[in-house]
Amino acid sequence: GGGGGGRSGSSDALESVLKHADTESFVAAGHSFGGGTAYASLTIPDCEAAICFDPWLDAYKWSPLFEGSKWEAHRDKRVLFLTADKGFISRVEKWR
């Protein structure tokens, strides 16, 4: 309903969740362009893994983000691709 009475309860619930959350690292996830962004997040030191739902990665073929040592330094991170495109994985392996 209306009123601000629920605000304190929401704050308490968030505080309860954050008390148990690992705030030192994260897993990125996204769909389409967000899936590409999740994949790019692997270059962030605190990003432990990425979940990419039908990611759009065509722009990354030309991106300096995935060139040389910057990408190689994060090659061991976990990534899950969920996609309907059969040819997609082979293209990603070529980039990595």
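Residues numbered from 1 in each chain as written. Predicted model: local features only at pLDDT ≥ 70, side-chain atom pairs only at ≥ 80, totals over all residues. Heavy atoms only, no water.

### Re the packing of aromatic side chains
What counts, and what does not: For this analysis, a ring pair means two rings from Phe, Tyr or Trp (six-membered ring only for Trp) whose centres lie within 6.5 Å, classed as stacked if their planes differ by under 30 degrees, edge-to-face if by over 60, and tilted for the remaining angles. Put simply, DSSP marks the helices as runs of H or I at least four residues long and the strands as runs of E at least two long, and each gets a number from the N terminus on. With a 1.4 Å probe rolled over the protein chains alone, any residue whose accessible area is under 20% of its type maximum counts as buried; one over 50% counts as exposed, and the rest are partly exposed.
In the structure shown here, the tally under the stated rule is two aromatic pairs. Consider the rings of Phe33 and Trp56, whose centres lie 5.7 Å apart with planes at 35°: the pair is tilted. Note that Phe33 is positioned in helix H2 (residues 33–40) and Trp56 in the loop between strand E2 (47–53) and helix H3 (68–72), a separation of 23 residues in sequence. The partly exposed category is assigned to Phe33, whose relative accessible area is 49%. Exposure remark for Trp56: the relative accessible area of 38% places this residue in the partly exposed category. Judged by centre distance (5.4 Å) and plane angle (55°), the ring pair of Tyr39 and Phe81 falls under tilted. Taken together, the residues Tyr39 in helix H2 and Phe81 in strand E3 (residues 78–82) connect sequence positions 42 residues apart. For the pair Tyr39 and Phe81, a shared accessibility class is recorded, and that class is buried.

### Thoughts on unusual backbone geometry
Of note, the phi angle at Ser32 is positive, near 60°, even though the residue is not glycine. Mapped onto the elements, Ser32 comes out in the loop between strand E1 (26–31) and H2. The residue Asp54 is not glycine, and still its phi comes out positive at about 40°. Of note, Asp54 is situated in the loop between E2 and H3.

### What to know about the sheet that holds E2
To keep it simple, the criterion reads: Note: two strands are recorded as paired if DSSP finds a minimum of 2 bridges between them. To obtain an axis, a line is fitted to C-alpha atoms, over the contacting stretch when the element is a helix, and the angle between two such axes runs from 0 to 180 degrees between their N-to-C directions. Here, two residues are considered to be in contact whenever any of their heavy atoms come within 4.5 Å of each other.
Strand order in the open sheet formed by three strands is E1-E2-E3, and the pairing between neighbours is parallel. Both edges of this open sheet fall to E1 and E3, since each of them pairs with a single strand only. Along the sheet, successive strands turn relative to each other by an average axial angle of 10°, direction set aside. As defined by bridge partners, E1 adjoins E2 across six bridges and the pair is classed as parallel. Its bridge partner being in E2, Phe26 is matched across the sheet by Cys47. Contacting E1, E2 and E3, H2 crosses the sheet at an angle of about 155° to E1.

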